[in-house]
Amino acid sequence: VTARRRSEGSAPPAARAAALAGALADKQLVPEGFLDGITARAVESWSPRNGARVVARAWVDPDYRKRLLADGTAACAELGYAGPQGEYIVALENTPDVHNVIVCTQCSCTAWPVLGLPPDWYKSPAYRARVVREPRPLLREMGLDLPETVAIRVWDTSAETRYMVLPLRPSGTEGWSEERLAALVTREAMIGVARVP
Amino acid sequence: VKTHGIDATLYTVSRDADQWHLSYLWRANGATYVVSEHVAPPFSFPDAAAHGLPHRTEHTYHVEFDARELWADAAGPNETIVVDLWDGYLEGA
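Residues numbered from 1 in each chain as written. Chains lettered and ligands numbered in written order. Predicted model: local features only at pLDDT ≥ 70, side-chain atom pairs only at ≥ 80, totals over all residues. Heavy atoms only, no water.

K.L.:
If you had to explain helix α2 (residues 13-26) of chain A to someone new, which residues and values would you point to?
P.N.:
Each full turn of the α-helix corresponds to 3.6 residues, which orients residues three or four apart in the same direction. Between its terminal C-alpha atoms α2 of chain A stretches 20 Å, which fits the 20 Å expected from 14 residues at 1.5 Å a residue. Once α2 of chain A ends, the next one or two residues include Gln-28 of chain A, with phi positive near 55 degrees. (Helix = DSSP H or I, 4+ residues; strand = E, 2+ residues; numbered from the N terminus. Expected span 1.5 Å × (residues − 1).)

K.L.:
Break down the interface of chain B and chain A for me, citing the residues and quoting the values.
P.N.:
Every contact between the two is made by 25 residues of chain B and, on the other side, 23 residues of chain A. Between chain B and chain A, a total of about 2000 Å² is buried, with carbon and sulfur atoms accounting for 53% of that surface. The largest contributions to the chain B side of the interface with chain A come from Asn-78, Glu-79 and Val-82 of chain B, which together make up 25% of the buried area. Linking chain B to chain A there are 3 salt bridges. In this structure, Arg-133 of chain A and Asp-73 of chain B form a salt bridge, with 3.1 Å as the shortest nitrogen-oxygen distance. Our count for the chain B to chain A interface comes out at 15 residue pairs in polar contact (both at pLDDT 80 or more). Among the secondary structure elements, those contributing two or more residues to the side of chain B that touches chain A are α1 (19-28), β2 (32-39), β5 (60-66) and β6 (79-86) of chain B. Considering every element that reaches the side of chain B that touches chain A, the biggest residue donor is β6 of chain B, with 7 residues. (Contact = heavy atoms within 4.5 Å. Buried area = accessible area lost by both parts, 1.4 Å probe. Salt bridge = Lys/Arg side-chain N within 4 Å of Asp/Glu carboxyl O. Polar contact = N/O pair within 3.5 Å; in protein donor to acceptor, adjacent residues only side chain to side chain.)

K.L.:
Describe a nonpolar patch on the surface, naming the residues involved and giving the relevant values.
P.N.:
The grouping of Phe-34, Leu-35 and Ile-38 of chain A at the surface amounts to a nonpolar patch, some 250 Å² of accessible area in total. Locating Ile-38 of chain A in the fold gives a position in helix α3 (residues 34-44). (Patch = residues over 30% accessible without salt bridge, like charges linked within 9 Å, V, L, I, M, F, W, Y side chains within 5 Å. Areas by Shrake-Rupley, 256 points an atom, 1.4 Å probe, with all protein chains shown as cover.)

K.L.:
Any details on the pattern of salt bridges? Residues and values, ideally.
P.N.:
A complete count under the given rule lists 13 salt bridges over all chains for this structure. A salt bridge links Arg-130 of chain A to Glu-134 of chain A; the shortest N-O distance between them is 2.8 Å. Arg-130 of chain A gets classed as partly exposed once you look at its relative accessible area, which sits at 24%. For Glu-134 of chain A, a relative accessible area of 22% gives the class partly exposed. Salt-bridge contacts for Glu-64 of chain B lead to Arg-153 of chain A; the nearest nitrogen and oxygen are separated by 3.0 Å. Note that Glu-64 of chain B is positioned in strand β5 and Arg-153 of chain A in strand β3 (residues 151-156), a pairing that runs across two chains. Here the salt bridges share partners, and the residues they tie into one network are Arg-130, Glu-134 and Glu-141 of chain A. (Buried < 20%, exposed > 50% of the residue type's maximum accessible area, 1.4 Å probe, protein only.)

Spatial relationships are all this shows, so hold off on functional conclusions.
Next up, the structure:
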């Protein structure tokens with residue numbers, strides 16, 4: 001089955017997507033305007049800038065941080081971030097001793113409302129396989145060198161839970177505004193493959 | 001594993017895993033793992049859903065493995081893997 005899938009998967013992704021869209025349209029399985037609508041929503045509503053605002057709020061507001069760690073879904077919704085793939089969000093708190101990193105070993109599940117659609121590397125078989133087998137060397141290759149004294153916790157998105165990492169606030173940012181802090185937070189940091197610089 | 005708010009406890013992995021999870025759990029078979037206190041709301045049970053069987057939901061749990069228990073040849077110390085597993089995949093030790 002694997003070999004067959006590989007040979008069938010040799011057409012460029014855009015051609016395969018167009019063929020699939022055509023087949024679904026022929027069978028009248030996709031409501032008119034659905035694809036345009038969801039594409040627009042993905043661009044406008046699902047962005048890692050949302051998650052960055054959640055992180056910045058948690059850095060400056062200890063009560064919000066508590067709420068975020070206790071009920072990520074509700075805390076993200078407080079800032080207006082909810083919807084598909086955000087029905088059950090769990091925020092994972094990095095500490096000086098524990099570093100969290102997330103993956104979907106099955107496919108590409110991501111908390112769309114706060115992380116946006118996943119980047120290509122996140123969906124690659126290499127990342128999905130290696131981050132659970134050899135997280136420390138892989139993260140080092142990706143530019144995040146963690147000493148063995150820091151525990152690495154890899155969270156596999158195997159059910160309906162969607163994760164986001166709450167990174168450590170960088171030193172030297174005392175007194176910064178929420179907006180300025182949010183500008184530091186990258187999607188990679190919220191996946192757990194980078195620090196916040 | 002049937003109650004909410006459980007403390008971290010050692011269990012062994014059930015053999016009654018669905019096909020997709022089989023490769024993952026196969027490696028985990030016999031390995032010890034820790035069920036976290038966190039209990040998620042009931043989610044659709046994928047084994048039944050994948051076969052088009054009547055809808056049923058089960059709670060899931062964050063289950064944490066020492067990575068070296070799963071991949072002794074590759075994983076290093078101080079690394080753990082947390083997987084969300086459905087209630088039916090687990091049995092008490």
